[in-house]
Amino acid sequence: MMPYRYQDWNQLVGTPVEIRRDFEIVRAGVVDDAMPDSSALWLAADAGGGRALFTAVEGYEVWIRPQELGGKLCFKMAAAHLSPSLRGGGSC
């Protein structure tokens, strides 16, 4: 599935994301925490670097890629959170 820009950062805690700025990927990782108003988020520390803060005012964007999961769950995010072009699809 193709990644797409997601603006409700506060709903992404625990989700793998790509941080982009000026159309380029700055860093990828798992969201550790986010401000309630989606103005900033923190990526968890990993092999790519320490815990990092990214803010919308500095031009950062968050992109997500829906992923099929194994087991009884089909997708990590509910269909209501997917872009309109991705709703209605998916198989388990």
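Residues numbered from 1 in each chain as written. Predicted model: local features only at pLDDT ≥ 70, side-chain atom pairs only at ≥ 80, totals over all residues. Heavy atoms only, no water.

**Q** Would you explain the environment of L41 in this entry?
**A** Tracing the backbone shows L41 in strand β4 (residues 40–43). You can call L41 buried: its relative accessible area is 0%. A C-alpha to C-alpha distance of 5.8 Å links L41 and L53, two positions twelve residues apart in sequence. Apart from residues no more than four positions distant in its own chain, L41 is found in contact with W9, I19, V31, D33, A34, A52, L53, F54 and V62. (Helix = DSSP H or I, 4+ residues; strand = E, 2+ residues; numbered from the N terminus. Buried < 20%, exposed > 50% of the residue type's maximum accessible area, 1.4 Å probe, protein only. Contact = heavy atoms within 4.5 Å.)

**Q** It is not clear to me how the pattern of salt bridges should be interpreted in this structure. Could you clarify?
**A** For side chains of opposite charge, pairing can occur when their charged atoms come near one another. Overall, the coordinates contain five salt bridges when judged by the stated rule. R5 is the partner of E61 in a salt bridge, and the nearest nitrogen-oxygen pair spans 3.8 Å. Here R5 lies in strand β1 (residues 4–5) and E61 lies in strand β6 (residues 61–64), a separation of 56 residues in the sequence. Two residues, E18 and R65, come together in a salt bridge whose shortest N-O distance is 3.5 Å. Note that E18 is positioned in strand β2 (residues 16–21) and R65 in the segment after β6, a separation of 47 residues in sequence. Given the relative accessible area of 38%, R65 is considered partly exposed. Connected through salt bridges with shared partners, the residues E18, R20 and R65 form a single ionic network. (Salt bridge = Lys/Arg side-chain N within 4 Å of Asp/Glu carboxyl O.)

**Q** Help me out: how do you make sense of the sheet that holds strand β3 (residues 24–34) in this one?
**A** Through backbone hydrogen bonds, the strands of a sheet pair up, either in parallel or in antiparallel fashion. The strand order β1-β6-β2-β3-β4-β5 describes an open sheet built from six strands, whose pairing is antiparallel. Every other strand in the sheet has two partners, leaving β1 and β5 (52–55) as the edge strands with one partner each. Taken together, the six bridges between β2 and β3 define a ladder with antiparallel strand orientation. Within β3, the position partnered with P16 by the bridge is V30. (Pairing = 2+ DSSP bridges.)

**Q** Got a minute to help me understand the environment of A45 in this structure?
**A** The residue A45 is located in the loop between β4 and β5 in this model. In the structure, A45 is positioned 14 residues away from V31 in sequence and 9.6 Å away in space, judged by C-alpha atoms. The residues touching A45, leaving out its near neighbours within four places in the chain, are R27, G50 and R51.

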